Amino acid sequence: MRKPKIVILGAGYGGLMTATRLQKAVGANEAEITLVNKNEYHYETTWLHEASAGTLHHDRVRYDISKVIDRNKVEFIQGTAVEIKTEEKKVLLEKGELEYDYLVVALGGESETFGIKGLKEYAYSISNINSARQIREHIEYQFATYNTEKEKDDTRLTIVVGGAGFTGIEFLGELGNRIPELCKEYDVDFEKVKIICVEAAPMVLPGFDPELVEYAVAHLEKKGVQFRIGTAIKEGTPEGIIVAKGENDVEEIKAGTVIWAAGIRGNAIIEKSGFEAMRGRVKVEADLRAPGHDNVFIVGDSSLMINEEINRPYPPTAQIAMQQGEVVARNLAALIHNKSELESFTYDNKGTVCSLGEHDAIGVAFGKKMVGTKASFMKKMIDNRALYMIGGASLVAKKGKFNVL
Ligand code: FAD
Ligand code: NAD
């Protein structure tokens, strides 16, 4: 009998969790499992702010996918998906195509610029290994060039971070450690450096615990960060950005580096493939299938689920993507074993910890608020746990974070 073909697109948190759980749940003779990913490596998206600032080498952030999958059960294809043809049960890759009986879309998210002019052209976003490496090198280049130019241009040393969400704040925390190092390395006076965070909402980390936010702001201000709250980025230009506070208070901020960290949307393939979506994210059924597509599961940043308690979508996080991956693996195993009842996803919120550089953080975990080295320790444990869940103790030993105070 022909074995059912399962194709998993994306080897991020959601995709790898699905693949590594599924390889344990079904036998090699029960299904043909194929995992497709752009690169032969997985990267820890949740560590990319460190690679972008240059506080952690990008090789620490990635590992070979082949090291964590059972190649007797899962075939890995390094390839780029370009479209899903649901009617034909096919995935088109840049090179070739794949047929499926069951599909898991775990392609992650993309930077959302809300159509703001000039951002795609002139701002950087923290998205993957290559964008992180580009940001690190661009910032370093600004410092290296500053002293070699005849007429010193101080705006080279201005870094603007758009958005004071978790990504923006974690990146600023890393800059707090990295900028003094760059100043020393390139003989730059720290006083000349400006780090400006522009946030449209009336507070930093909108919706997060105000006491923890106050701690984070004080910590980052001490490191030299200037916050421009209630101020929206309106345009990106070759020289910097245009911001506005209210209708008429428009200002240009000249900057050598602009990082856009103000939101994400689902993978462009979702809309291209005709799925009904909100900002590229499909509102999935409770069992994580796409509405109207009984054989397509969507997990992670390209999916959307409503938190009924507040009637708003859950934020796109690695925590959710991994938990969804576990449920999808069980649901696929159920389908392979001809069970008609599928499991519904329920989010088990273990908390949120936001790093503020190497040894500081804020967070709520297991219902408790924490700050400082305790929160930073917790953040490293969370990072190590993600490695453990996918690659076990050996992956933690190779890639884990043990530099606790
Ligand atoms: P990803 O983990 O992003 O994986 C997507 C995969 O798909 C990648 O391997 C990519 O290469 C691949 N891919 C993309 N397009 C294609 C294609 N066309 N063809 C083939 N392969 C493709 N969340 C938390 O819970 N905790 C945190 O502390 C946290 N910190 C974060 C820090 C930063 C700097 C950022 C940017 C995000 C952070 N998040 C955090 C959010 C979290 O990283 C995402 O929600 C999570 O990565 C989503 O998982 P995913 O599986 O959907 O996608
Ligand atoms: P986000 O959507 O959470 O935050 C974006 C911020 O940008 C918001 O505060 C928003 O008000 C602001 N903004 C939007 N438009 C703007 C404009 N024109 N000008 C200025 N500010 C503007 O995005 P994010 O921070 O990238 O986070 C993405 C997801 O990843 C979230 O779900 C987040 O929870 C998760 N994440 C979690 C962690 C963690 O748990 N430690 C770390 C990073 C990211």
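Chains are numbered independently. Their residues run from 1 in the order of the written sequence. Working convention: letters from A go to chains and numbers from 1 go to ligands, in the order in which they are written. Side-chain atom pairs in this predicted model are given and counted only at pLDDT of 80 or more, local residue features only at pLDDT of at least 70, and totals for whole chains, interfaces and linings cover all residues.

Peer 1: What's the story with the site of ligand 1 in this structure? I'm lost.
Peer 2: Nearness here has a simple definition: the residue's C-beta atom, placed using the backbone, must lie within 6 Å of the molecule or strand. Near ligand 1 you find 33 residues, and of these Gly10, Gly12, Gly108, Gly300 and Thr317 are the closest. By definition, any uninterrupted DSSP run of H or I lasting at least four residues is a helix, any uninterrupted run of E lasting at least two residues is a strand, and each is numbered from the N terminus. Among the secondary structure elements, those contributing two or more residues to the shell around ligand 1 are helix H1 (13-25), strand E2 (32-37), helix H2 (48-53), helix H5 (166-185) and helix H8 (318-336). Of the residues assigned to the shell around ligand 1, the class counts are 13 nonpolar, 17 polar and 3 charged. In this structure, the shell around ligand 1 is formed jointly by two domains, domain 1 (5-111 + 265-349) and domain 2 (119-261), each of which donates at least three residues. Polar here means any residue outside two lists: the nonpolar Ala, Val, Leu, Ile, Met, Phe, Trp, Tyr, Cys and Pro, and the charged Asp, Glu, Lys and Arg; Gly therefore counts as polar. For each domain, the first and last residues come from an automatic or database assignment.

Peer 1: Would you mind going over the UniProt feature "domain: FAD/NAD(P)-binding" (unreviewed entry) in the chain with me for this structure?
Peer 2: UniProt positions are given in the numbering used here, feature names are shortened, and annotations may be inferred rather than shown by experiment. UniProt annotation of "domain: FAD/NAD(P)-binding" (unreviewed entry) refers to residues 5-325 when read in the numbering used here. Secondary structure over residues 5-325 splits into 27% helix and 29% strand, and the C-alpha atoms at its two ends are 18 Å apart.

Peer 1: Quick question: what am I supposed to make of helix H4 (residues 129-146) here?
Peer 2: The α-helix winds at 3.6 residues per turn, so residues separated by three or four positions along the chain end up facing the same way. What a helix should span is 1.5 Å times the count of its residues minus one. In this model H4 runs 26 Å from its N-terminal to its C-terminal C-alpha over 18 residues, within 8% of the 26 Å that 1.5 Å per residue would give. What counts as a contact is two residues whose backbone-derived C-beta atoms lie within 7 Å of each other. For H4, the secondary structure elements touched by its buried residues are H2, strand E11 (158-162), H5 and strand E17 (257-260).

Peer 1: Looking at this structure, how should I read the site of ligand 2?
Peer 2: Taken together, the neighbourhood of ligand 2 is formed by 25 residues, with Gly163, Gly165, Phe166, Ala262 and Pro315 sitting nearest. Where the shell around ligand 2 is concerned, the elements lending two or more residues are H5, strand E12 (194-199), strand E14 (232-237) and strand E24 (351-355). Per element, the largest residue contribution to the shell around ligand 2 is 4 residues, and it comes from H5. Looking at the shell around ligand 2, its residues break down into 15 nonpolar, 8 polar and 2 charged.

Peer 1: For this particular structure, what's the right way to read the environment of Pro206?
Peer 2: Here Pro206 lies in the loop between E12 and helix H6 (210-222). A sequence separation of 77 residues divides Pro206 from Ile129, and the C-alpha atoms of the two residues are 27 Å apart.

Peer 1: How do you make sense of the packing of H1 against H8 when you look at a structure like this?
Peer 2: In a pair of packed helices, the angle between the axes and the distance between the axes together describe the arrangement. Every angle, taken between N-to-C directions, lies between 0 and 180 degrees, and every axis is a line fitted to C-alpha atoms, over only the stretch in contact when it is a helix. H8 packs onto H1 with a crossing angle of 30° between their chain directions and a minimal axis gap of 7 Å. In this structure, the crossing between H1 and H8 has a hand that is right-handed. Note on element contacts: H8 touches H1 through Ala318, Ala321, Met322, Gln324, Gly325, Glu326, Val328, Ala329, Arg330, Leu332 and Ala333, opposite Tyr13, Gly14, Met17, Thr18, Arg21, Leu22 and Ala25. Broken down by class, the residue content of the contact of H1 with H8 amounts to 11 nonpolar, 4 polar and 3 charged. Take the far helix as the reference: if the near one is turned anticlockwise from it by less than a right angle, the crossing is left-handed, and if turned clockwise, right-handed.

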